[in-house]
Amino acid sequence: MSTLPPFVTPVIELTTARLRLRQWRESDREPFAALNAAPCVMEHFPAPLTRAQSDALADRIETGIAEHGWGLWAVEVLASGEFIGFVGLGIPSAELPCSPCVEIGWRLAAAHWGRGYATEAALAALRVAFETLRLDEVVSFTALPNQRSQAVMARLGMRRDAATFEHPAVAEGSPLRTHCLYRLNRARWANHAS
Ligand SMILES: CC(C)(COP(=O)(O)OP(=O)(O)OC[C@H]1O[C@@H](n2cnc3c(N)ncnc32)[C@H](O)[C@@H]1OP(=O)(O)O)[C@@H](O)C(=O)NCCC(=O)NCCS
């Protein structure tokens, strides 16, 4: 099996028309814990997160960006300065059908859904993936019932694999265990972005 190159860059921060994708701050911890505790945000995950679990996740993400230069960026609304969640790139820790692979992912506070923010931020993250990191492919995956996330994948021009897979980190028998996998390669991204 091939391996991914290390992809280390100076810390990247991005600005879109309405958003800033940046390294995490201490002040993000509280609103991040609030969104991770919200049942609607965590509907397609095994459980909402406790404050300690949320802080541990923020720690891991922040360290990853410091070490690699990119990752799951904190997303801030330019007009208000409000932290609304994360969007960005990651390397899945579980062994998956796409491994080794780089995924794109998102999690926003529900008050900020329905405004196109996830797609806008993800388009900026894809530009980093294909132009800066020179990746050949970016994937995304989610539990089958997560239609909102799949709609973001489709808006980005990603294509769904015919085959589903069972996510090893989700309990057997859970309706969230079966996942769909979306892929976007460099050529398709270039066509979609132009
Ligand atoms: C997945 C998630 C990020 C999607 O959020 P979203 O708001 O539906 O997606 P977008 O930000 O791309 O917004 C698209 C919607 O905004 C609307 N919209 C409004 N203004 C817009 C604008 N200026 N530009 C683009 N779209 C706009 C679109 O029409 C679309 O509406 P629709 O849902 O009625 O079709 C969000 O539901 C979430 O955080 N879920 C919980 C965490 C999660 O499940 N993460 C994924 C795990 S794999």
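Just above, that's the structure.
Residues numbered from 1 in each chain as written. Predicted model: local features only at pLDDT ≥ 70, side-chain atom pairs only at ≥ 80, totals over all residues. Heavy atoms only, no water.

A.B. asks: Looking at this structure, I do not really get the packing of aromatic side chains. What am I missing?
C.D. replies: Applying the stated criterion across every chain yields a total of seven aromatic pairs. Seen in terms of ring centroids, F32 and F83 are 6.2 Å apart; in terms of plane orientation they differ by 90°. Their pairing is edge-to-face. Here F83 lies in strand β4 (residues 83–90) and F32 lies in helix α1 (residues 29–36), a separation of 51 residues in the sequence. In this structure F83 comes out as buried when scored by relative accessible area, which is 8%. Taking NZ or CZ as reference, R107 lies 4.6 Å from the ring centre of F45, over its face. (Phe/Tyr/Trp six-rings, centres within 6.5 Å; stacked < 30°, edge-to-face > 60°. Helix = DSSP H or I, 4+ residues; strand = E, 2+ residues; numbered from the N terminus. Buried < 20%, exposed > 50% of the residue type's maximum accessible area, 1.4 Å probe, protein only. Lys NZ or Arg CZ within 6 Å of the ring centre and 35° of its normal.)

A.B. asks: Would you mind showing me how to read the packing of α1 against helix α2 (residues 51–68) here?
C.D. replies: Each pair of packed helices can be summarised by the angle the axes make with each other and by the distance between the axes. Viewed as axis vectors pointing N to C, α1 and α2 meet at an angle of 120°, and their least axial separation amounts to 9 Å. Judged by the angle between their axes, α1 and α2 are oblique. Pair α1 / α2 crosses with right-handed handedness. Across the interface between the two elements, R29, E30, F32, A33 and N36 from α1 touch R51, S54, D55, L57, A58, D59 and E62 from α2. Counted by class, the contact of α1 with α2 contains four nonpolar, two polar and six charged residues. (Axes fitted to C-alpha atoms, helices over the stretch in contact; angles between N-to-C directions. Parallel < 35°, antiparallel > 145°, perpendicular 65-115°, else oblique. Left-handed = near helix turned anticlockwise from the far one by under 90°. Contact = heavy atoms within 4.5 Å. Nonpolar A, V, L, I, M, F, W, Y, C, P; charged D, E, K, R; others polar.)

A.B. asks: So what exactly am I meant to see when it comes to the nonpolar core here?
C.D. replies: Side chains of a nonpolar character, in soluble globular proteins, are inclined to be buried together. The biggest cluster of nonpolar side chains holds 52 residues, and the ones touching the most others in it are W24, W73, L89 and I104. Of the residues forming this core, the biggest block, 10 residues, is contributed by helix α3 (residues 117–132). Core analysis: the second largest hydrophobic core is formed by seven residues, C98, V139, F165 and L181 among them. (Core = buried A, V, L, I, M, F, W, Y, C linked by side-chain atoms within 4.5 Å.)

A.B. asks: For this particular structure, what's the right way to read the pairing of β4?
C.D. replies: Working note: regular strand, side chains alternate between the two faces of the sheet. Burial of β4 is extensive: eight of the eight residues sit out of reach of the surface. Taken together, the five bridges between strand β3 (residues 72–77) and β4 define a ladder with antiparallel strand orientation. Counterpart to W73 in the pairing with β4 is V87. Strand direction decides the pairing type here: β4 and strand β5 (residues 103–108), joined by six bridges, are antiparallel. (Pairing = 2+ DSSP bridges.)

A.B. asks: It is not clear to me how the site of the ligand should be interpreted in this structure. Could you clarify?
C.D. replies: If you check the shell around the ligand, you find 20 residues, and the closest are W106, G114, A118, T119 and R148. At 3.3 Å, a side-chain N or O of W113 approaches an oxygen atom of the ligand. Protein contacts shield 68% of the accessible area of the ligand, which totals 950 Å² for the unbound molecule. Counting only elements with at least two residues in the shell around the ligand, the list comes to β5, α3, β6 (137–143) and α4 (147–155). Examining the composition of the shell around the ligand, we find that four residues originate from one element, α4, more than from any other. Within the shell around the ligand, the residues separate by chemical class into nine nonpolar, six polar and five charged. (Near = heavy atom within 4 Å. Polar contact = N/O pair within 3.5 Å; in protein donor to acceptor, adjacent residues only side chain to side chain. Areas by Shrake-Rupley, 256 points an atom, 1.4 Å probe, with all protein chains shown as cover.)

A.B. asks: Whenever I open this one, α3 confuses me. Can you help?
C.D. replies: Note on helix geometry: an α-helix contains 3.6 residues per turn, so any two residues three or four positions apart are oriented the same way. For α3, which comprises 16 residues, the first-to-last C-alpha distance of 22 Å matches the rise-based estimate of 22 Å (1.5 Å per residue) to within 8%. With 12 of its 16 residues buried, α3 lies for the most part within the structure. Burial in α3 covers these residues: Y117, A118, T119, E120, A121, A122, A124, A125, L126, V128, A129 and F130. Positive phi shows up at R134, right after α3, with a value of about 55°. (Expected span 1.5 Å × (residues − 1).)

What is shown is where atoms sit, not what they do.
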